[in-house]
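Take a look at the letters that make up each chain.
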Amino acid sequence: MKTQCTGTLNHLSLPTKDPLATAHFFEKFFGCTIVAAGESILLKRDGFDLVLDHIAENQVWPSNFHFGFEMATLKEVQELYQTFNEAKVHMETAVFNNSRGSRFFCRTPEGVLLEINTREDKEDGWKKLF
């Protein structure tokens, strides 16, 4: 009997009052593709599924709940930040650097916090432990 999951992380399910608007957000800014739609919407990107489940009530997220997308370069992070600003995406921060690299935070149309980061400019002291 296995005592640890060795499978690949393959999906994230998000509750949303407006699956179509949220799906279009992920299509436009993250290159996701809608592959199935009904009460829920299934998006795919790079072997990962994002399931948008329709709910009737407002969803309240813990203030620090978020998921992130890692970019290869600081330039890509800065360009996406500019794109989001021009598109009037709800921005939580400007691009900033901490020891793990540069990043910014924004929100989906229904308020889920997203982090866009790069490790290109991380501090040398930030290293893998294993």
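Residues numbered from 1 in each chain as written. Predicted model: local features only at pLDDT ≥ 70, side-chain atom pairs only at ≥ 80, totals over all residues. Heavy atoms only, no water.

Chemist: Which parts of the structure should I look at to understand the sheet that holds strand β6 (residues 96-98)?
Modeler: The strands making up a sheet associate through hydrogen bonds between their backbones, and the pairing can be parallel or antiparallel. If you walk across this open sheet you meet the 4 strands as β5-β8-β7-β6, and the pairing is mixed. Each of the sheet's edge strands pairs with one partner strand only, and the pair in question is β5 (66-71) and β6. Across the sheet, the axes of successive neighbouring strands diverge by a mean angle of 35°, strand direction being ignored. Here 6 bridges tie β5 to strand β8 (residues 113-118), and the two strands are oriented parallel to one another. By the bridge assignment for β8, G68 is matched with E115. Lying over the sheet, helix α1 (residues 19-30) contacts β5, β7 (101-107) and β8, oriented at roughly 10° with respect to β8. (Pairing = 2+ DSSP bridges. Helix = DSSP H or I, 4+ residues; strand = E, 2+ residues; numbered from the N terminus. Axes fitted to C-alpha atoms, helices over the stretch in contact; angles between N-to-C directions. Contact = heavy atoms within 4.5 Å.)

Chemist: Looking at this structure, how should I read the packing of aromatic side chains?
Modeler: Aromatic rings in a pair are described by how distant their centres are and how their planes are angled relative to each other. Applying the stated rule across the entire model yields 14 aromatic pairs. Ring geometry for F26 and F30: centres 5.5 Å apart, planes at 40°, overall tilted. Linking F26 with F30, this pair stays in helix α1, spanning 4 residues, or about one helical turn. F30 gets classed as buried once you look at its relative accessible area, which sits at 7%. Here the aromatic rings of F84 and F104 are separated by 5.9 Å at their centres, their planes lie at 90°, and the arrangement is edge-to-face. Of this pair, F84 sits in helix α2 (residues 74-86) while F104 sits in strand β7, and the two are 20 residues apart along the sequence. Overall, F84 belongs to the buried group, its relative accessible area being 0%. Grouping aromatic residues by their ring pairs yields a cluster made of F25, F26, F29, F30, F67, F69, Y81, F84 and F104. (Phe/Tyr/Trp six-rings, centres within 6.5 Å; stacked < 30°, edge-to-face > 60°. Buried < 20%, exposed > 50% of the residue type's maximum accessible area, 1.4 Å probe, protein only.)

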